[in-house]
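# Chain and residue survey
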Amino acid sequence: MEDGGVAERSFAPTGRATAIRIRLFWQTVQMMFCPIYDGMFLLDSELAIPEVNMPVVSRGALLVATASMAACVLAGPGAAYAASTSTSLTAAEMSAELTAVGKASAKAAEGGWKTSIQVTTDGFQASGYLVVDPVHGVALDRFNFDGFVRARYTVAGKGTYDLIADRETRAAVKMMHRPSVQYVFSPDNSVELNDTYDFGSAAPGLLDDDLDYPGTKTVHDDGSIDYQLSEDDATVTLHVTVDGLLASADAVTQTSTDAKELLASAHDEGLLASAGTDGGTYRVRFGYGYGPQRVTLPSASATIGADTLRVGLAYLDMANAVKRVAGDAATDTLQAAHGKRVTVSLLRKVTRADVTEDNADLGVKMIKTKSVSRGIRVYATNPWTHRTAAYTLKASGKKVTIAQK
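Everything in this summary refers to the structure shown in the same document. None of the values given here were measured: they were computed from a predicted structure.

## Description of the pairing of strand β4 (residues 125-133)
Looking down a regular strand, the side chains alternate between one sheet face and the other. Within β4, eight of the nine residues are buried, leaving the element largely enclosed by the surrounding structure. Pairing between strand β3 (residues 113-120) and β4: eight bridges, direction antiparallel. Residue Trp113 lies in a different strand from β4, and its bridge partner there is Val132. As paired elements, β4 and strand β5 (residues 138-145) share eight bridges and run antiparallel to each other. Residue pairing across strands places Tyr129 opposite Arg142, the latter belonging to β5. Connecting the antiparallel pair β4 and β5 is a turn made up of four residues, with Gly137 showing a positive phi of about 70°.

Structure below.
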């Protein structure tokens, strides 16, 4: 993921419930917060997934999981089953059974898989889904985290498509006369699905290790199984199909100090409508489906290259950039003069150096210079709007004058 952000933060709740929390809660929160090009996407409906088709479910017994995913209502601890039999498992017994479920689920996911995710609490709600097509090397994830929304397509060996809907980027593509653009493509031949989609708790093979806790095993009359693990203030319920595959997971935990700090920070940055820092219970629900996936990538007309967009964003802020470099050049020239008379040659040298540095920072050779009488002109012309921003700097004794023209 890009730019680090929340995705690089680590959380370490105390007690033996650490593995449960991290795998079935905090990785999901971090994953949802992970920024992708600051793009915003509003899910009008949790059923609205036009880019994805799931034509095949691996086995008939997975219809339960598929149906729960479609409705975005997952089987939790309160689900009613007839003729159920419960037994207690030791940590070793639980680890052995869940490891087998994890391996079977990972095997079933080799041809493709899909996960729906919900996070609920009094403070906020989040929802989203992941679709992975390992056969064709394509994947899609979308999340709406209390109004902060992210979306990304990943194509192995080619790069990523990120949804762009934030105001600044939308303004840039409109200025570039390309209002139909919805995605920015960033080429990267080194991209692999496992790099981007190593979702840990969201992947169907999450049970491979670290869940060595005692708990209960409930076998229902249809052959499906519920496993429940509880410790400290965390509880996890896992529903396994008759074929031994993970169908859904329901994790419940209390807010930790790290969670409160994360949510408060996100609220301060405008990512959450509510900070939700007064404590309470958080519930994370996952629903899983297995089988071949088809992910339709954005069309060429709806896509813009990252380098081209970078140029557009630079020119969108052209007037401010030119004004800024002119002011910096004047200040730097006075410092270089050390209180002595400012020479024209010094003014031009410093200004050109500052412009070169600013263009390098922008990644675009946007700002230009031109020598004028007793000074230098700093300017840029927008290739789409044909507007020009310009400032003229002149040496005047021990001062530098700046005029906008």
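## Focus: helix α9 (residues 344-362)
A rise of 1.5 Å per residue sets the reference length of α9, with its 19 residues, at 27 Å; its end C-alpha atoms lie 27 Å apart and thus fit the reference within 8%. Buried residues of α9: Leu347, Val350, Thr351, Asp354, Val355, Asp358 and Asn359, and no others. Mapping the buried residues of α9 onto a view down its axis gives an arc of 170°, with all of them on the same face. Facing away from the buried side of α9, by more than 90 degrees, are the exposed residues Ser345, Lys349, Thr356 and Ala360. Considering only its buried residues, α9 is in contact with α8 (318-337), β16 (368-372), β17 (375-381), β18 (388-396) and β19 (399-404).

## Some thoughts on the packing of aromatic side chains
Within this structure, the stated rule accounts for five aromatic pairs. Between Tyr161 and Phe185 the ring centres are 4.7 Å apart and the planes differ by 45°, which places this aromatic pair in the tilted class. Placement of Tyr161 in strand β7 (residues 159-163) and of Phe185 in strand β8 (residues 183-187) is noted, with a sequence separation of 24 residues between them. Comparing Tyr161 with Phe185, the two get one shared label, buried. Ring plane angle 80° and centroid distance 6.0 Å describe the contact between Tyr315 and Trp384, whose orientation is recorded as edge-to-face. Here Tyr315, found in helix α7 (residues 306-316), pairs with Trp384, found in the loop between β17 and β18; they are 69 residues apart in sequence, far enough to count as distant. The positively charged end of Arg377 is found above the aromatic ring belonging to Tyr379, 4.9 Å away from the centroid.

## Points about the pattern of salt bridges
For the structure on display, the rule yields seven salt bridges. Residue Arg310 pairs with Asp307 through a salt bridge whose shortest N-O separation is 2.7 Å. A residue pair is termed a helical-turn pair when its members lie 3 or 4 positions apart in one helix, as Arg310 and Asp307 do in helix α7 at three residues. Judged by relative accessible area, which is 55%, Asp307 ranks as exposed. Here the salt bridges do not stand alone but share partners, grouping Asp250, Arg283 and Arg285 into one network.

## Comments concerning the sheet that holds β16
Overall, antiparallel pairing links the four strands, which are arranged β16-β17-β18-β19 in an open sheet. In this open sheet, the two edge strands, each paired with only one partner strand, are β16 and β19. Each strand axis lies, on average, 20° off the axis of its neighbour in the sheet, ignoring direction. Here β17 runs beside β18; their pairing, made up of seven bridges, is antiparallel. Across the sheet, Ala380 pairs through a bridge with Ala389, a residue of β18. Sitting on the sheet, α8 touches β17, β18 and β19, and the angle it makes with β18 is about 10°. In the packing of α9 onto the sheet, the strands contacted are β16, β17, β18 and β19, and the crossing angle to β17 comes to about 25°.

Thresholds applied
- Residues numbered from 1 in each chain as written.
- Predicted model: local features only at pLDDT ≥ 70, side-chain atom pairs only at ≥ 80, totals over all residues.
- Heavy atoms only, no water.
- Buried < 20%, exposed > 50% of the residue type's maximum accessible area, 1.4 Å probe, protein only.
- Helix = DSSP H or I, 4+ residues; strand = E, 2+ residues; numbered from the N terminus.
- Pairing = 2+ DSSP bridges.
- Expected span 1.5 Å × (residues − 1).
- Arc of directions from axis to C-beta.
- Contact = heavy atoms within 4.5 Å.
- Phe/Tyr/Trp six-rings, centres within 6.5 Å; stacked < 30°, edge-to-face > 60°.
- Lys NZ or Arg CZ within 6 Å of the ring centre and 35° of its normal.
- Salt bridge = Lys/Arg side-chain N within 4 Å of Asp/Glu carboxyl O.
- Axes fitted to C-alpha atoms, helices over the stretch in contact; angles between N-to-C directions.

Take it as geometry only, folks, not as evidence of what the structure does.
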